[in-house]
Amino acid sequence: MTYLSRAQWGAAPAVKTLPVSRNLLGVCLHWMGFNIHDDPATITSSIQRAHMSPPRGWWDIAYNELIALDGTVVEGRGLLHRSGAQGGTKNNKGYLALGLLLGPGQRPTDEMVAAARERIALVRYFQPSASAIVGHQELKPTQCPGPEVMALIRSGAFEPGGVQLPAEIVAPEFPEPEGIVRRGDRGDDVRWVQHHLARHGFKVVVDGDLGRKTERAIRSFQRRKGLVPDAVVGSRTRSALAG
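Note that the structure is a prediction, hence the values are computed from the model and not measured.

Visitor: Pulling in residues and values, what's your account of the overall build of the protein chain?
Guide: Counting its secondary structure elements, the protein chain contains eight helices and six strands. Secondary structure of the protein chain in N-to-C order comes out as β-α-β-α-β-β-α-β-α-β-α-α-α-α. In terms of overall dimensions, the protein chain has C-alpha extents of about 60 × 40 × 30 Å along its principal axes. Taken over 243 residues, the protein chain has a buried fraction of 51%. Summed over all atoms, the accessible surface of the protein chain reaches about 11500 Å², with 49% contributed by carbon and sulfur.

This is the structure in structure tokens:
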């Protein structure tokens, strides 16, 4: 699977972000509402300009990720930030937004559907209870994501099933912490720890807040690796997490 980060498609900085909810309901699928012919990077850049410019003036591109017909996945807001695509705070908190790069008359390809299944599997990997897969029209009056996508949703085509995530999960990258990370810390150092805990099979939410659940997961990981289970992430624990 090809993954384009924000840097790779030349994203403008977000005006503001909010963290993804710790209690996601699932994923909402969208279409663009117009036919897509440009490459994924070019069209994503164009969509971001349209979303952030007047009259919309949104904080950023609305979608968390976008998926092209060839299966390329493009980082939008990213999976760790609240969506802006569902129309209203309740639905934006409840669902991550996957924008399918197609419009009327363009049918989803097998590659697009397979990539969407993998991204939905990734969301459930971090938040197992985020099990819903809905079309935008199920949340508000709209034609989005079109009849073809809705038919696939109803048929169960987007259910991950036996999707096997790669050992290195394709997700936003965080720099490795340089110092100690412990209970009460917040920010990207904590997200790095949580991301790698999840990669090792621990069910933690990557929210940048090292609270009680993350602390328990660190202790369990340290015991598994024969380290002192003190829930303090120093150089030895970092090395084990990165391995």
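Picking up after the structure, the text goes on.
Visitor: Describe the environment of Phe34, and please don't skip the residues or the numbers.
Guide: With respect to the helices and strands, Phe34 occurs in the loop between strand 2 (26-31) and helix 2 (40-52). Relative accessible area serves as the criterion here: at 37%, Phe34 is assigned to the partly exposed category. With 72 residues separating them in the primary sequence, Phe34 and Gln106 have C-alpha atoms 9.2 Å apart. When residues no more than four places from it in sequence are discounted, the contact partners of Phe34 are Ile43, Ile47, Leu102, Gly103, Pro104 and Gln106.

Visitor: Before we move on, could you go through the pattern of salt bridges and cite the residues and values that matter?
Guide: By the definition in use, this model includes nine salt bridges. A salt bridge links Glu65 to Arg119; its shortest N-O distance comes to 2.8 Å. In this pair, Glu65 is assigned in strand 3 (residues 65-67) and Arg119 in helix 4 (residues 110-126), connecting sequence segments 54 residues apart. The two residues Glu65 and Arg119 agree in class, both being buried. Bridged by salt links that share partners, the residues Arg22, Arg186 and Asp209 form one connected network.

Visitor: For the side chain of Gln86, give the residues involved together with the corresponding values.
Guide: Mapped onto the elements of the fold, Gln86 is located in the loop between strand 4 (73-75) and helix 3 (89-94). A polar contact of 3.2 Å, which involves the side chain of Gln86, links it to the side chain of Ser83. Every residue in contact with Gln86, bar those within four places of it in the chain, is listed here: Cys28, His30, Asn91, Asn92, Tyr95, Leu96, Ala97, His136, Leu139 and Lys140.

About the criteria used
Residues numbered from 1 in each chain as written. Predicted model: local features only at pLDDT ≥ 70, side-chain atom pairs only at ≥ 80, totals over all residues. Heavy atoms only, no water. Helix = DSSP H or I, 4+ residues; strand = E, 2+ residues; numbered from the N terminus. Buried < 20%, exposed > 50% of the residue type's maximum accessible area, 1.4 Å probe, protein only. Areas by Shrake-Rupley, 256 points an atom, 1.4 Å probe, with all protein chains shown as cover. Contact = heavy atoms within 4.5 Å. Salt bridge = Lys/Arg side-chain N within 4 Å of Asp/Glu carboxyl O. Polar contact = N/O pair within 3.5 Å; in protein donor to acceptor, adjacent residues only side chain to side chain.

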